[in-house]
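In case you want the letters, here they are:
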Amino acid sequence: MHERFSLESSGGLKREIDRLGLELGLSDDFSVYNSAVCTGGLTIPNRLAVHPMEGCDGESDGAPGPLTARRYERFAKGGAGLIWFEAVAVVPEGRANPRQLWIHEDNWESFKEIREDIDRWAKEEYGHDFSPVVIMQLTHSGRFSRPVDKPKPLIAANNPYLNERMKLDEDYPAITDEELMALEDDYERAAVLAKKAGFDGVGIKACHRYLVSELLGAFTREGIYGGSFEGRTRFYLNIIDKAGKYADEKFIIASRLNMYDGIPRPYGWGVNEEDYRKCDFSEPLKLIEIIRQKGVRLVNATMGTPYYNPHVNRPYDAGEYLPPEHPLEGISRLISGAGEIRRKWDDMIVVATGFTWLRQLSADTGAWVIKENKASLVGMGRMAFAYPDYARDILDGKGLDVKKCCITCGKCTDLMRAGSVTGCVVKDFKVYAPIYREKGGK
Ligand SMILES: Cc1cc2nc3c(=O)[nH]c(=O)nc-3n(C[C@H](O)[C@H](O)[C@H](O)COP(=O)(O)O)c2cc1C
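Everything numeric here is computed off the predicted structure, so don't read it as measured data.

Caption draft 1: Up close: the overall build of the protein chain. From N to C terminus, the protein chain includes 15 helices and 11 strands. Its C-alpha radius of gyration of 20 Å places the protein chain within 12% of the 22 Å reference for a compact globule of 442 residues. Taken over 442 residues, the protein chain has a buried fraction of 54%. Long-range pairs, those at least 24 residues apart, make up 69% of the contacts in the protein chain between residues at least 6 apart in sequence.

And the structure:
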């Protein structure tokens, strides 16, 4: 049954973990966060990351808007060593909302500006030597595309679970092989522009069942981009190759990858064939070995999709349904995905996801994750919206202030679904509470 967060101490959390028999732990040694980690010629100055978090606040031409800049100023001043810049579409029709960022020839300079600002904001706060690594996430929203004011799905394959949810016919036409081939070049072009804009790398978004992620689980798709492991991974690997031509000491290719979709076979990736509630990491790990051979060394491990099983994707206190499991089980699953990658390869820098529900105790769980080598960095998503300087408080050794923590109330998602700009309605209320009320929220 669903459990709302009510843990006040690490002792209480430990008892819950033991009661549920989970492989999770806590550590009060926050010094583990203070060491740098290197990838390629880049140095990530500490072990805290801001996950990609869209605010749906770009300009109509895809350039960052004033609220986008405000968000990155808060993140940059927050002190995390890695800022995984939100999803940026490679083509206009691949945007998940009309205000999603989209990089192209006519606006890449505005991305350069925000990249330079991030560095300046971070230096103003922490001194000349501090420079966060900033990776631009490249996306095509595929089935979840909504480039204008209504959905315009571009699906990789039909899927009874998601088709039903989205009210799509069972034989809704899928994107063609020719269209996918052309899109590979769009990713390449976007990677070139991200490099010109001064980003430290691009992260190919292969998660949450957006286009690349849906292709990974496209067992039923015919043609060269579906069916076998080779077919399903072709689009992703071609993009890694095409973007990889521009990789060097100061520009890396990274990826945010679903380790598990939580959708039954033959539609889900990383899922046990008999029981979709269980993970089967064999294909995700096989794929990671291939991208590792291609030089990828930074991976952000995640799971699920916010449109079908948000409790898998981001354990919460309030959402559209009562989750069938304790949020700690979801957190443990998310961390296990990162842990499997670290267990296999010491040279893969892995960002783990799934801490925000733990509020102030996320710092303790994260310290345990790093100490036990289950991930290289601890990433925060919703927490960064609510408490953008969470990293500073952890790095100072103070720990997190419970009053500033995200309460996983889901209002940021409500705003997004209402087609609005989004942020933290509760802790960043001066900006987002009036917008929430205007949209009819209470
Ligand atoms: C409002 C909102 C925007 C998000 N934007 C992105 C995004 O651009 N790219 C991405 O990979 N994930 C995105 N996510 C997912 C988060 O990065 C993260 O995986 C999820 O919230 C779980 O982490 P948390 O428990 O720390 O919040 C978003 C989530 C929310 C709620």
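Caption draft 2: Region of interest: the site of the ligand. Contacts to the ligand come from 24 residues, most closely from His51, Pro52, Ala87, Thr356 and Gly381. Within the residue set of the shell around the ligand, elements represented by two or more residues are strand E4 (82–89), helix H12 (382–386) and helix H14 (411–417). If one sorts the elements of the shell around the ligand by residue count, H14 sits on top with 3 residues. For the shell around the ligand, the residue count by class is 9 nonpolar, 9 polar and 6 charged.

Caption draft 3: How the structure looks around the environment of Ser336. Here Ser336 is to be found in helix H10 (residues 327–344). For Ser336 and Ala352, which are 16 residues apart along the polypeptide, the C-alpha to C-alpha distance reads 8.9 Å.

Caption draft 4: Focus on the domain arrangement of the protein chain. Domain boundaries assigned for the protein chain yield domain 1 (10–408) and domain 2 (416–442). Here the C-alpha centre of domain 2 lies 23 Å away from the C-alpha centre of domain 1. On the side of domain 2, 10 residues touch domain 1, which itself brings 12 residues to the contact. Split into classes, the residues belonging to the side of domain 1 that touches domain 2 amount to 7 nonpolar, 2 polar and 3 charged.

Caption draft 5: Layout of helix H3 (residues 108–126). Over its 19 residues, H3 runs 27 Å from end to end, which matches the ideal 27 Å to within 8%, given 1.5 Å per residue. At the C-terminal side of H3, Gly127 shows a positive phi close to 100°.

Caption draft 6: Here's a closer look at the packing of helix H2 (residues 66–78) against H3. Here H2 crosses H3 at 35°, and the two axes come no closer than 8 Å. The element H2 and its partner H3 pack so that their crossing is right-handed. Contact residues: H2 offers Ala69, Tyr72, Glu73, Ala76 and Lys77, while H3 offers Ile114, Asp117, Ile118, Trp121, Ala122 and Glu125.

Caption draft 7: Representation of the nonpolar core. Ranked by internal contacts, the top residues of the largest apolar core, which has 137 residues, are Ile83, Val202, Val299 and Val350. Domain assignment of the residues forming this core places at least three in each of domain 1 (10–408) and domain 2 (416–442). Apart from the residues lying within four places of it in its own chain, the contact partners of Val202 are Ile135, Met136, Leu138, Ala191, Ala194, Ala243 and Ile253.

Caption draft 8: Highlighting the pairing of strand E6 (residues 133–139). With 7 of 7 residues buried, E6 lies mostly within the body of the structure. Alternating positions in E6 separate into two faces, Val133, Ile135, Gln137 and Thr139 on one and Val134, Met136 and Leu138 on the other, with burial throughout. Examined bridge by bridge, E6 and strand E7 (residues 201–206) share 4 bridges and lie parallel to one another. Counted as the bridge partner of Gln137 is Gly203 from E7.

Caption draft 9: Region of the structure containing the pairing of strand E9 (residues 298–303). Within E9, 6 of the 6 residues are buried, which leaves it mostly tucked inside the rest of the structure. Burial of E9 is two-sided: the residues Leu298, Asn300 and Thr302 facing one way and the residues Val299, Ala301 and Met303 facing the other way are all buried. Judged from the 6 bridges that link them, strand E8 (residues 252–260) and E9 form a sheet pairing that is parallel. Looking across to E9, one finds that Asn258 is bridged to Thr302. The parallel pair E8 and E9, bridged by helix H8 (residues 282–293), forms a crossover whose chirality is right-handed. Bridge count for E9 against strand E10 (residues 349–352) is 3 bridges, and the pairing is parallel. In the sheet register, Val299 faces E10, and the bridge partner there is Val350.

Caption draft 10: Spotlight on the environment of Asn238. By secondary structure assignment, the location of Asn238 is in helix H7 (residues 229–244). C-alpha separation for the pair Asn238 and Glu249, spaced 11 residues apart in sequence, amounts to 21 Å.

Caption draft 11: Structural context of the packing of H7 against H8. Two numbers describe how H7 lies on H8: the axes approach to 11 Å, and their chain directions differ by 35°. As for the relative orientation of H7 and H8, their crossing is right-handed in sense. Where H7 approaches H8, its residues Phe229, Thr233, Leu237 and Ile240 are matched on the opposing element by Glu283, Lys286, Leu287, Ile290 and Ile291. Of the residues that constitute the contact of H7 with H8, the class distribution is 6 nonpolar, 1 polar and 2 charged.

Caption draft 12: Region of the structure containing unusual backbone geometry. Arg265 connects to Pro266 through a cis peptide bond whose omega is 5°. Checked against the element boundaries, Pro266 lands in the loop between E8 and H8. Of note in the backbone geometry, Cys56 takes a positive phi value of approximately 55° without being a glycine. The residue Cys56 is located in the loop between strand E3 (48–50) and H2 in this model. Assessed through the 23 C-beta atoms surrounding it within 10 Å, Cys56 is described here as buried. The phi torsion at Asn373 lies on the positive side, around 60°, for a residue other than glycine. Relative to the elements of secondary structure, Asn373 occurs in the loop between helix H11 (362–371) and strand E11 (377–380). When the 12 C-beta atoms within 10 Å are taken as the criterion, Asn373 is described as exposed.

Caption draft 13: Up close: the environment of Glu109. Relative to the helices and strands, Glu109 resides in helix H3. Between the C-alpha atom of Glu109 and that of Leu138, which follows or precedes it by 29 residues, the distance is 17 Å.

Rules of the game
- Residue numbers here run from 1 along each chain, matching the order of that chain's written sequence.
- Note on the predicted model: pLDDT of at least 70 is required for a residue's local features to be given, and 80 or more for side-chain atom pairs to be given and counted; whole-chain, interface and lining totals, by contrast, use all residues.
- Put simply, DSSP marks the helices as runs of H or I at least four residues long and the strands as runs of E at least two long, and each gets a number from the N terminus on.
- Atoms considered for the radius of gyration are the C-alpha atoms alone. The globule rule reads 2.2 Å times the number of residues to the power 0.38.
- Each residue is classified by how many other C-beta atoms fall within 10 Å of its C-beta atom, where C-beta atoms are placed from the backbone; a count of 20 or more means buried, 12 or fewer means exposed, and values in between mean partly exposed.
- Here contacts are defined at the residue level, using C-beta atoms placed from the backbone and a cut-off of 7 Å between them.
- For each residue, a C-beta atom is placed from the backbone, and the residue is labelled near a molecule or strand when this atom is within 6 Å of it.
- Charged residues are taken to be Asp, Glu, Lys and Arg, nonpolar residues to be Ala, Val, Leu, Ile, Met, Phe, Trp, Tyr, Cys and Pro, and polar residues to be all remaining types, Gly included.
- Here the limits of each domain have been adopted from an automatic or database domain assignment.
- Every helix has an expected span of 1.5 Å times one less than the residues it contains.
- For helices, the fitted axis covers only the stretch in contact; all axes are lines through C-alpha atoms, and the angles between them, taken along N-to-C directions, range from 0 to 180 degrees.
- Each crossing gets its hand from how the near helix is turned against the far one by less than a right angle, where anticlockwise is left-handed and clockwise is right-handed.
- Here, a nonpolar core denotes buried Ala, Val, Leu, Ile, Met, Phe, Trp, Tyr and Cys residues that are linked to one another through C-beta atoms within 7 Å.
- At least two DSSP bridges between two strands are needed for those strands to be called paired.
- The crossover handedness rule: strands pointing away from the viewer, path from first strand over the helix to second strand clockwise, crossover right-handed.

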